[in-house]
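Each chain, letter by letter, is given below.
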Amino acid sequence: MRENIEIIAQAESHNIGKPISDARDEAELGARIFEYYAGALSHFGGQTLPVGGGGLDITVREPMGVVAAIVPWNFPFPIACWKAAPALAAGNAVILKPASLSPLTAILLGTLAHEAGLPAGLLQVLPGPGGLIGEALVKHPLIRKVSFTGSTEIGSQVMNAASAGIKRVSLELGGKSPNIVFADADIAAAAASSPMSVFANTGQDCCARSRVFVEESVLEEYLDQFIQSTEKIVVGDPLSEATQIGPLVSEQQRTVSETFVKEARENGRMIRTGGERPLEKGFYYSPTIVTGIEVEDRIWREEVFGPVVCIRPFRDEETMLREVNDSPYGLSGSIWTSDVKRAIRLARAVESGVLGINTNSTVHVEAPFGGFKQSGIGRDLGMSALEGYTELKNIYFG
Ligand code: NAP
């Protein structure tokens, strides 16, 4: 993979309009993921348990069999890697189904695995329409586990279809993650880093911090800096080295963002920047900041999956926390404060699988990644992923 970073990156960038520098980072990440699981395996095992009866009780982890990995189009290569690597390391065979919009790097992964000497058949790549190929995989009796990343709607269908065969499922689904900024935080740092925590990958990110809660006393200061940082973001040709944000993946995906923003406008919400097509050619949409939001607004509650952020002030921690948790999702989020006790209190109270304190960086190869509530079941990455691709067997020696 390391010898082919540029080929992988170019394929991804051409396929879905991902900025080339991001595509390179993601190709590199894929290699790191395989490296991590090659090593992690030697630290992954069972336990010796002190049970009654005088015998010896041990647990072992065993492979499941054939795993179906169904992945989306927003981070096609790293997500394919973070499913295939731990599943293969744990001793399973994998059938990888990429999203219809982004098959290229999945096919490349299959080719590279073959060239690297992985025995034939252990990693198969099967592109095709989700409703046909995906569903057939989920229902097939020889598939023991379905590892799915995609929308909550399809995830629910996958879970339903898997239930007949009591298939193991792990689901990484949608999000509407909060970014919580207290007045005692380093406002400049929070405002400088936060725009890319929602606009990176043109907002097509399940972890996008699309609901920003700012303590009222610093709202104007934070907002001014957030707008300034946003207006400096370079939107353009994905193949240009300077580009930070490319187009959306499809016309349909841009229409989703436009429809949310149009509705907000019609309801009298304020578009502080963006809300337009910055370039004629391509499915571009400028990074958009919306204020004056009410908590019932669709744009505040639903996943937009485009470059759109809503910023709202809060007065007291209790009401804010209630609003943060008033969401069917619970994937990611950030808390900005210099008060350690508050950071701990909030980090424990926010219903979310992953949180960053004074940072927006929350996806790490070595640490579990996944959601609470309708953001999913199970965990990718870290040692937790190995647990998700193995059965736990208990053996008692009498
Ligand atoms: P999607 O429409 O749910 O599709 C995901 C995958 O499922 C695709 O490969 C799709 O194939 C396949 N599929 C469609 N119908 C299926 C069916 N009936 N049975 C089995 N598989 C089926 O999601 P997307 O639009 O590609 O991705 C965007 C969503 O993914 C967002 O909601 C985002 O939040 C979520 N996401 C979550 C995470 C996370 O880790 N939590 C990470 C990234 C993305 P086709 O492409 O052929 O339809």
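Provided above is the structure to which this section pertains.
Residues numbered from 1 in each chain as written. Predicted model: local features only at pLDDT ≥ 70, side-chain atom pairs only at ≥ 80, totals over all residues. Heavy atoms only, no water.

*Asks:* Pulling in residues and values, what's your account of the overall build of the protein chain?
*Replies:* Looking only at helices and strands, the protein chain has 13 helices and 16 strands in total. Relative to the globule expectation of 21 Å for 398 residues, the C-alpha radius of gyration of the protein chain, 22 Å, shows essentially globular dimensions. Overall size of the protein chain, expressed as C-alpha extent along the three principal axes, is 70 × 55 × 40 Å. Among the 398 residues that make up the protein chain, the fraction classed as buried is 52%. (Helix = DSSP H or I, 4+ residues; strand = E, 2+ residues; numbered from the N terminus. Rg over C-alpha atoms; globule rule 2.2 N^0.38 Å. Buried < 20%, exposed > 50% of the residue type's maximum accessible area, 1.4 Å probe, protein only.)

*Asks:* Describe in detail the sheet that holds strand S8 (residues 178–181), supporting the description with residues and values.
*Replies:* With respect to topology, seven strands assemble into an open sheet ordered S10-S11-S12-S9-S8-S13-S14, the strand pairing being mixed. One side of each edge strand has no neighbouring strand; the edge strands of this open sheet are strand S10 (270–273) and strand S14 (356–357). Here S8 pairs with strand S13 (residues 334–336) via three bridges, running parallel. The residue bridging Ile180 from the neighbouring strand is Ile335, located in S13. (Pairing = 2+ DSSP bridges.)

*Asks:* Tell me about the site of the ligand, residues and numbers included.
*Replies:* In the vicinity of the ligand lie 31 residues, with Ser100, Gly130, Ser151, Leu173 and Glu303 positioned nearest. Within the backbone of Gly128, an N or O atom sits 3.5 Å from an oxygen atom of the ligand. Within the side chain of Ser151, one N or O atom sits 2.6 Å away from an oxygen atom of the ligand. When isolated, the ligand has an accessible area of 900 Å², and the protein chains bury 88% of it. (Near = heavy atom within 4 Å. Polar contact = N/O pair within 3.5 Å; in protein donor to acceptor, adjacent residues only side chain to side chain. Areas by Shrake-Rupley, 256 points an atom, 1.4 Å probe, with all protein chains shown as cover.)

*Asks:* I'd like a rundown of unusual backbone geometry, residues and numbers included.
*Replies:* Leave glycine aside and you will find that most residues have negative phi; peptide bonds, for their part, are mostly trans. Positioned with a positive phi, Ile166 is a non-glycine residue whose angle comes to about 45°. Summarising the element assignment, Ile166 is placed in the loop between helix H6 (152–163) and strand S7 (168–172). A positive phi angle, near 65°, is found at Leu381, a position not held by glycine. Its place among the elements puts Leu381 in the loop between strand S15 (376–377) and helix H13 (382–388). Given a relative accessible area of 1%, Leu381 falls into the buried group.

*Asks:* Can you break down the pattern of salt bridges residue by residue, with the values?
*Replies:* Inspection of the entire model under this criterion finds 21 salt bridges. Between Asp380 and Lys83 there is a salt bridge, with the nearest N and O atoms lying 3.3 Å from each other. Placement of the pair is Asp380 in the loop between S15 and H13 and Lys83 in helix H3 (residues 76–89), with a sequence separation of 297 residues. There is no split in this pair, since Asp380 and Lys83 are both buried. With a closest N to O distance of 3.0 Å, Arg298 and Glu263 form a salt bridge. Here Arg298, found in helix H10 (residues 298–301), pairs with Glu263, found in helix H9 (residues 251–266); they are 35 residues apart in sequence, far enough to count as distant. You can call Glu263 partly exposed: its relative accessible area is 28%. Through salt bridges that share partners, Arg2, Glu28 and Glu35 make up one connected network. (Salt bridge = Lys/Arg side-chain N within 4 Å of Asp/Glu carboxyl O.)

*Asks:* Pulling in residues and values, what's your account of the environment of Val125?
*Replies:* Here Val125 lies in strand S5 (residues 123–125). With relative accessibility at 22%, the residue Val125 sits in the partly exposed group. The spatial distance from the C-alpha of Val125 to the C-alpha of Lys232 is 40 Å, given a sequence separation of 107 residues. Apart from the residues within four sequence positions on either side, Val125 is in contact with Leu96, Pro98, Ala106, Ile107 and Gly110. (Contact = heavy atoms within 4.5 Å.)

*Asks:* Describe the packing of aromatic side chains, naming the residues involved and giving the relevant values.
*Replies:* Describing an aromatic ring pair means giving the distance of the ring centres and the angle of the ring planes. All chains considered together, the criterion is met by seven aromatic pairs. Centroid distance Tyr36 to Tyr37: 4.8 Å. Interplanar angle 80°. Geometry classified as edge-to-face. On the basis of an interplanar angle of 75° and a centroid distance of 5.5 Å, the ring pair of Trp73 and Phe305 is categorised as edge-to-face. With a gap of 232 residues between them, Trp73 in the loop between strand S3 (66–70) and H3 and Phe305 in the loop between H10 and strand S12 (308–314) connect regions that are remote in the sequence. Chaining the aromatic ring pairs together yields one cluster made of Phe199, Tyr222 and Phe226. In this structure, Arg211 is placed above the aromatic ring of Trp300, and the distance from its NZ or CZ to the ring centre is 5.8 Å. Positioned over the ring face of Phe182 is Arg342, at 4.1 Å from the centre of the ring. (Phe/Tyr/Trp six-rings, centres within 6.5 Å; stacked < 30°, edge-to-face > 60°. Lys NZ or Arg CZ within 6 Å of the ring centre and 35° of its normal.)

*Asks:* Let's hear about the packing of helix H1 (residues 5–16) against helix H4 (residues 104–115): which residues, and what values?
*Replies:* H4 packs onto H1 with a crossing angle of 160° between their chain directions and a minimal axis gap of 9 Å. With respect to H4, the axis of H1 lies roughly antiparallel. Crossing of H1 over H4 shows right-handed handedness. Contact residues: H1 offers Ile7, Ile8, Ala11, Glu12 and Asn15, while H4 offers Leu104, Thr105, Leu108 and Leu112. Residue composition of the contact of H1 with H4, by class: six nonpolar, two polar and one charged. (Axes fitted to C-alpha atoms, helices over the stretch in contact; angles between N-to-C directions. Parallel < 35°, antiparallel > 145°, perpendicular 65-115°, else oblique. Left-handed = near helix turned anticlockwise from the far one by under 90°. Nonpolar A, V, L, I, M, F, W, Y, C, P; charged D, E, K, R; others polar.)

Spatial relationships are all this shows, so hold off on functional conclusions.
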